[in-house]
Amino acid sequence: MLDAKLLRQDPESIAKRLAVKGVQFDVAAFLALDEQRKALTVDMQELQNTRNVKSKGIGKAKAQGEDIAPLLAEVESLKAQLAEAEAKQAAVQSQIDEILMGTPNVPADDVPAGNDEDDNVEVMKWGEPTAFDFEPKDHVDLGEQLGLDTETAANIASARFAVLKGGLARLQRALTQFMLDTHGAEHGYTEVYVPYIANADSLRGTGQLPKFEEDLFAIRRGEDEVPFYLIPTAEVPVTNMVRGKIVEDKELPVKMVAHTPCFRSEAGSYGRDTRGLIRQHQFEKVELVQLVRPQDSWAALEELTGHAEAVLQKLELPYRKVILCGGDLGFSAAKTYDLEVWLPGQQAYREISSCSNFESFQARRMQARWRNPETNKPEPPHTLNGSGLAVGRTLVAVLENHQQADGSVVIPEALRPYMGGLEVLAP
RNA sequence: GGAGGGGUGGCAGAGCGGUUGAAUGCACUGGUCUUGAAAACCAGCAAGGGUUAAUAGCCCUUCGAGGGUUCGAAUCCCUCCUCCUCCGCCA
């Protein structure tokens, strides 16, 4: 949620920055609505004040044993008037809330302009696209021999699910453990286990709702029940751990890592990446979440991105780092780095991690606070998160980059302890 | 699934229709005292919104959430959420 105060003070500059994201913010309409809200609020509050004063008078009179009938008559018409004034005010207020909840975060100053992923800017590159002295296969062809079975998964559920068997299943588990251990032991994150189902308040808190409900899997217990949602990322449960809470300064920075499955309906992406594991309804991800003091968040974004990069480097996977342009930036993010791993099967760099600073946007939506020791007042902290990494896509990258001519796959050294010492995964 | 008891300020915990936004304690902030600290004492200490030059005053809202009764609700009624205790069931 945008800072309503800031929006009132300087709507023009916010509108200008939102334009970088391709969002037209109607400043005039917002200000007009806000003027209405103020006027109606004053009307309503005057009536409330009258009611309060008169009611207190009645209380006093009664205590002194006076006749309160004339006072009651005086107050009679007030009730209806007040109800009307409150309804008017509430109507305008809810329009304003809708705008505030539906408006994305403003991009940081150094976010490049652009419409889509083609306008993202490469920041750095690690390693070179893997060279082969044979024609490399993609992960689907490699996986067929190693235990990837999408047909069985379709039989169980539908398209865009996968069954992994044997060594491949173990490789995915090894990757997960390796990532959790790396972030826990080397990068100072606390491992957390969280629910995979979240309520609507949580999804509003991180920004998936109200605008992106079609991307989620909703579940209802009964027809009339409010829905719960399968989490699309661990960002939702982990960040919402502090929803409605006040965090003490000495507890910051909070750094948490969680492994969860992620569920995405992938509505609107029919026909894209239909082959293999790249775009699934269910996939595993190790997620990094940080809660930091506002002044520390930009340094924290660099640090957190580095933590994700460390995993790619240990797995000897070539990648590049891009900064997302305004048009490709997510709803809640102020700035995002994507890490894109080289996939020989596609001869392309593909997203494997997305690391974002949300500044106070999520904290304000979920009313998370920290007590600023300088003012002793509660203020929204800054939140960040990043994939560290998407496990399914990492599995793809390991298979494709470390494949050999005979269809076997060399296990990266860092992973071998998690594979019982296995050096090569063969059919 | 059954029975019962709770949810109040940063925390603990009173209040159970009427000058209660809320006693008291702890924590926190400032002051007195002290060489310094502690103790003691004094004072302050919720958030959001409106008005305003104002982080001054004044006003409004908020006692789990939402509805209702009433001139007036933290206090009464209804629904929901949530926590705890006991029984049953279960991994």
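The structure contained in this document is the topic of the report that follows. None of the values given here were measured: they were computed from a predicted structure.

Helix and strand content of chain A: 13 helices and 18 strands. With the principal axes as the frame, chain A shows a C-alpha extent of 100 × 45 × 45 Å. Per-residue burial over chain A gives 50% buried out of 427 residues. Long-range pairs, those at least 24 residues apart, make up 74% of the contacts in chain A between residues at least 6 apart in sequence. For chain A, the accessible area works out to roughly 20600 Å², and carbon and sulfur atoms hold 49% of it. Charged side chains in chain A number 46 positive and 65 negative. The centres of these two groups are separated by 6 Å.

Before going further, it helps to examine the packing of aromatic side chains. Counted according to the given criterion, the structure contains eight aromatic pairs. Each ring, one from Phe25 and one from Phe30, has its centre 5.8 Å from the other, and the planes form 50 degrees; the classification is tilted. Here Phe25 falls in the buried class, since its relative accessible area comes to 13%. For Phe30, a relative accessible area of 1% corresponds to the buried category. Measuring from centroid to centroid gives 5.2 Å for Phe132 and Phe134, while their planes differ by 65 degrees, and the two rings are edge-to-face.

The next thing to look at is the sheet that holds strand 15 (residues 377–379). Spatial strand order, 8-14-15: three strands in an open sheet with mixed pairing. Two strands in the sheet have a free side with no partner beyond their single neighbour: strand 8 (246–247) and strand 15.

Here we come to the pattern of salt bridges. Taken as a whole, this structure holds 23 salt bridges when the rule is applied. Between Asp296 and Arg293 there is a salt bridge, with the nearest N and O atoms lying 3.6 Å from each other. The residue Glu309 makes a salt bridge to Lys321 at a minimum N-O spacing of 3.7 Å. Placement of the pair is Glu309 in helix 11 (residues 297–314) and Lys321 in strand 11 (residues 319–323), with a sequence separation of twelve residues. With respect to burial, Glu309 and Lys321 carry one shared label: buried.

A word on the protein's contact with RNA strand B. Near RNA strand B there are 23 residues, and of these Arg37, Gln48, Asn49, Arg51 and Ser55 occur at the shortest range. When atoms of RNA strand B within 4 Å of the protein are sorted by moiety, sugar and phosphate together comprise 68%. Note that a sugar or linking oxygen of RNA strand B is positioned 2.7 Å from one of the side-chain N or O atoms of Asn49. If you list the elements that add at least two residues to the surface near RNA strand B, you get helix 3 (27–63), helix 4 (69–75), strand 14 (369–372) and strand 15. With 13 residues, the single largest contributor to the surface near RNA strand B is helix 3. For the surface near RNA strand B, the residue count by class is six nonpolar, seven polar and ten charged.

For the rest of this paragraph, the subject is the side chain of Glu359. Locating Glu359 in the fold gives a position in the loop between strand 13 (348–357) and helix 12 (361–365). No salt bridge is formed by the buried Glu359. Its closest oppositely charged neighbour is Arg17, at 4.9 Å. Those residues in contact with Glu359 that lie beyond four places of it in its chain are Trp298, Ala334, Pro381, His382 and Thr383.

Our next topic: the environment of Ala333. By the element assignment, Ala333 lies in the loop between strand 11 and strand 12 (335–343). In the structure, Ala333 is positioned 52 residues away from Asn385 in sequence and 9.8 Å away in space, judged by C-alpha atoms. Excluding residues that lie within four positions of it along the chain, Ala333 makes contacts with Lys21, Asn105, Val106, Ser356, Asn357 and Phe358.

Within the secondary structure layout, Leu33 lies in helix 3. In the structure, Leu33 is positioned 59 residues away from Val92 in sequence and 7.0 Å away in space, judged by C-alpha atoms. For Leu33, the contacting residues outside a window of four places in its chain are Val92, Gln95, Ile96 and Ile99.

Calculation rules
- Residues numbered from 1 in each chain as written.
- Chains lettered and ligands numbered in written order.
- Predicted model: local features only at pLDDT ≥ 70, side-chain atom pairs only at ≥ 80, totals over all residues.
- Heavy atoms only, no water.
- Helix = DSSP H or I, 4+ residues; strand = E, 2+ residues; numbered from the N terminus.
- Buried < 20%, exposed > 50% of the residue type's maximum accessible area, 1.4 Å probe, protein only.
- Contact = heavy atoms within 4.5 Å.
- Areas by Shrake-Rupley, 256 points an atom, 1.4 Å probe, with all protein chains shown as cover.
- Lys, Arg positive; Asp, Glu negative; His and termini not counted.
- Charge placed at Lys NZ, Arg CZ, Asp CG, Glu CD.
- Phe/Tyr/Trp six-rings, centres within 6.5 Å; stacked < 30°, edge-to-face > 60°.
- Pairing = 2+ DSSP bridges.
- Salt bridge = Lys/Arg side-chain N within 4 Å of Asp/Glu carboxyl O.
- Near = heavy atom within 4 Å.
- Polar contact = N/O pair within 3.5 Å; in protein donor to acceptor, adjacent residues only side chain to side chain.
- Nonpolar A, V, L, I, M, F, W, Y, C, P; charged D, E, K, R; others polar.

Functional significance is not addressed by these values, which are geometric in nature.
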